[in-house]
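One letter stands for each residue in the lines below.
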Amino acid sequence: MKPLWALLALTSLPAAAQSRLNLTQGVTEVSNRVYDLHMTIFYICCVIGVVVFGLMFISMIRHRKSKNPNPANFHENVKVEIAWTIVPLLILVGMAIPATTTLIAMEDTSDADVTVQVTGSQWKWHYKYFENDVEFFSRLATQQEQIDNKFEKGENYLLEVDRPLVIPTDRKVRFLVTSDDVIHSWWVPDFAVKKDANPGFINETWTKVDEPGIYRGQCAELCGKDHGFMPVVVIAKKPAEYEKWITEKEAEQKAAREREQELLAMEMSEDELMDLGEKVYNSTCAACHQANGQGVNGVFPALAGSGVSVDPEAKDQHIDIVVNGVTGTAMQAFGSQLSMRELAAVITYERNAWGNDTGQLIQAADINEVMNQ
């Protein structure tokens, strides 16, 4: 048993520490309604527990055998039966009314100011803004050395990304949640938002954040071996700051697309392709096919010395696999994840590393040709 001073210390813990033992209160109107509903029903359950167990203990003490050796013999009591039917019914109705209104509010995605499509895939999120020509992938940014226990783990270990989702405060933001492969679940506790991402379906949810800040979550569905490395980070900015950010991001991505088109008329040298290809391969492909290209027997095919990587006649097939993926397998489509320059480099690397030595160099124009077939 804890000493009295320890129990008193627990009562003085700050709210942030206490929240670890309870539902997250959150930062939105809906999340606060959910929290209030949770606490209301919790207190109702506490009262019911005290009354029921109190009556049980009173009955056990007052009507024990030593005090009543000759028990009474009686049967139905219509009034009691009506009471224990009506009272629970009234309690349930009283609980159902606020629960129903809260659920309806959580599902009302109408009149949104901003719409973002959220697409889960193994193991990252893709965000696409409908009102602006902006889209990007969001991947885990925690250093591999921290995961391997070589470096000290940071404050937001496994809850940090390279490109966070940015939304405006004081605006209703609708999320269209889907998946490219298996079932994921987009979960941000501070928003009281947890919506499954199902392949072939679109689920809707929404939020309206009152205060600027950084809010973290993660995939809440067992979606594969790297399920634990699929965090969600949302930055809420004031409307003016958000408009500035979205305008800059839109211009940046437009310029990147224009540079991609300029690359179609240019050719990279073998050294440039191999250097960039090795970096892209190690960051994108090595997790499955291994750094040495040997793959995992029976799971991920080897690229070194076998398959399309060493077949001089299979150049277009190799490009198609990397760009469009392979249906029914773990091979993802990287056409929307990597630039044409990166695609050309990584395919060149795969066709010339580990002793493959096909001598074939893939250029951005080759990628564009296969994409437009």
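Quick notes on the rules
Residues numbered from 1 in each chain as written. Predicted model: local features only at pLDDT ≥ 70, side-chain atom pairs only at ≥ 80, totals over all residues. Heavy atoms only, no water. Salt bridge = Lys/Arg side-chain N within 4 Å of Asp/Glu carboxyl O. Helix = DSSP H or I, 4+ residues; strand = E, 2+ residues; numbered from the N terminus. Buried < 20%, exposed > 50% of the residue type's maximum accessible area, 1.4 Å probe, protein only. pLDDT = per-residue confidence, 0-100. Contact = heavy atoms within 4.5 Å. Phe/Tyr/Trp six-rings, centres within 6.5 Å; stacked < 30°, edge-to-face > 60°. Lys NZ or Arg CZ within 6 Å of the ring centre and 35° of its normal. 1 Å grid on protein atoms, 1.4 Å probe; cavity = no way out; pocket = protein on both sides within 12 Å on 5 of 7 lines; lining within 4 Å. Points joined across faces, edges and corners; volume = space filled by probe spheres on them. Nonpolar A, V, L, I, M, F, W, Y, C, P; charged D, E, K, R; others polar. Axes fitted to C-alpha atoms, helices over the stretch in contact; angles between N-to-C directions. Parallel < 35°, antiparallel > 145°, perpendicular 65-115°, else oblique. Patch = residues over 30% accessible without salt bridge, like charges linked within 9 Å, V, L, I, M, F, W, Y side chains within 5 Å. Areas by Shrake-Rupley, 256 points an atom, 1.4 Å probe, with all protein chains shown as cover. Lys, Arg positive; Asp, Glu negative; His and termini not counted. Charge placed at Lys NZ, Arg CZ, Asp CG, Glu CD. Polar contact = N/O pair within 3.5 Å; in protein donor to acceptor, adjacent residues only side chain to side chain. Pairing = 2+ DSSP bridges.

## Remarks on the pattern of salt bridges
- Applying the stated criterion across every chain yields a total of seven salt bridges.
- Between aspartate 133 and arginine 257 there is a salt bridge whose closest N-O contact spans 2.9 Å. In this pair, aspartate 133 sits in the loop between strand E2 (124-129) and strand E3 (134-138) while arginine 257 sits in helix H6 (residues 239-263), placing the two residues 124 residues apart along the sequence.
- When its relative accessible area of 37% is taken as the criterion, arginine 257 is described as partly exposed.
- When the shortest N-O distance is used, the salt bridge between glutamate 204 and arginine 174 registers 3.0 Å. Here glutamate 204, found in strand E8 (residues 203-207), pairs with arginine 174, found in strand E5 (residues 173-179); they are 30 residues apart in sequence, far enough to count as distant.
- Classification of arginine 174 by relative accessible area gives partly exposed; the value is 23%.

## A closer look at the confidence of the model for the protein chain
- Model confidence for the protein chain is summarised by a mean pLDDT of 87, while 95% of its residues fall at 70 or above.
- Below a pLDDT of 50 lies the segment residues 1-18, which in the model reaches five contacts outside its immediate sequence neighbourhood of four places, other chains included.

## Examining the packing of aromatic side chains
- Counted by the stated rule, this structure contains 11 aromatic pairs.
- Ring centres 4.7 Å apart and planes at 45° place the aromatic pair phenylalanine 175 and tryptophan 186 in the tilted group. In this pair, phenylalanine 175 sits in strand E5 while tryptophan 186 sits in strand E6 (residues 184-188), placing the two residues 11 residues apart along the sequence. Neither phenylalanine 175 nor tryptophan 186 differs from the other in exposure class; each is buried.
- Its guanidinium or amino end placed over the ring of tyrosine 157, lysine 153 lies 4.9 Å from that ring's centre, counting from NZ or CZ.
- One residue, lysine 172, lies across the ring of tryptophan 206, its end atom 4.5 Å from the ring centre.

## Looking at empty space enclosed by the protein
- Summed over the entire model, instances satisfying the criterion amount to one cavity of 30 Å³ or more.
- Its boundaries defined by the atoms lining it, the largest cavity holds a volume of some 40 Å³.
- Split by residue class, the lining of the largest cavity holds six nonpolar, one polar and no charged.

## Some words on the packing of helix H9 (residues 340-352) against helix H10 (residues 364-371)
- Where H9 meets H10, the axes come as close as 8 Å, and the angle between the chain directions of the two elements is 105°. On the basis of their axis angle, the class for H9 and H10 is roughly perpendicular. Between H9 and H10, the contacting residues are Met340, Leu343, Ala344 and Ile347 on the first element and Ala364, Ile367, Asn368 and Met371 on the second.
- Residue composition of the contact of H9 with H10, grouped by class: seven nonpolar, one polar and no charged.

## Examining a negative patch on the surface
- The grouping of Glu270, Asp271, Glu272, Asp275 and Glu278 at the surface amounts to a negative patch.
- Within the fold, aspartate 275 resides in helix H7 (residues 270-289).
- Given a relative accessible area of 48%, aspartate 275 falls into the partly exposed group.

## Thoughts on the side chain of lysine 172
- Within the secondary structure, lysine 172 sits in the loop between strand E4 (165-168) and E5.
- Buried within the structure, lysine 172 lacks any salt-bridge partner; aspartate 108 is the closest side chain of opposite charge, at an N-O distance of 4.2 Å.
- A polar contact is formed between the side chain of lysine 172 and the backbone oxygen of serine 110, at a distance of 2.7 Å.
- Non-local contacts of lysine 172, meaning those with residues more than four positions away in its chain, are made with Asp108, Thr109, Ser110, Asp111, Ala112, Asp113, Val114, Trp206, Thr207 and Lys208.

## Quick word on a nonpolar patch on the surface
- Residues Ile48, Val52, Phe53, Met56, Phe57, Met60 and Ile61 make up a contiguous nonpolar surface patch of about 680 Å² in total accessible area.
- As for its placement among the helices and strands, methionine 56 is situated in helix H3 (residues 29-62).

## A look at the layout of surface pockets
- Roughly 700 Å³ of volume is contained in the second largest pocket.
- Around the second largest pocket, the lining comprises 20 residues; the ones closest to its centre are Val51, Val52, Leu55, Ser59 and Trp84.
- Elements supplying a minimum of two residues to the lining of the second largest pocket: H3 and helix H4 (78-107).
- Split into classes, the residues belonging to the lining of the second largest pocket amount to 16 nonpolar, four polar and no charged.

## With respect to the sheet that holds E2
- The strand order across the open sheet built from five strands is E3-E2-E1-E5-E8, with neighbouring strands paired in mixed fashion. Across the chains shown, the open sheet's two edge strands, defined by having one partner strand only, are E3 and E8. In this sheet, neighbouring strand axes are inclined to one another by 20° on average, regardless of whether the strands run parallel or antiparallel.
- As defined by bridge partners, E5 adjoins E8 across five bridges and the pair is classed as antiparallel. If you follow leucine 176 over to E8, its bridge partner there is glutamate 204.
- Contacting strand E1 (114-121), E2 and E3, H6 crosses the sheet at an angle of about 90° to E3.

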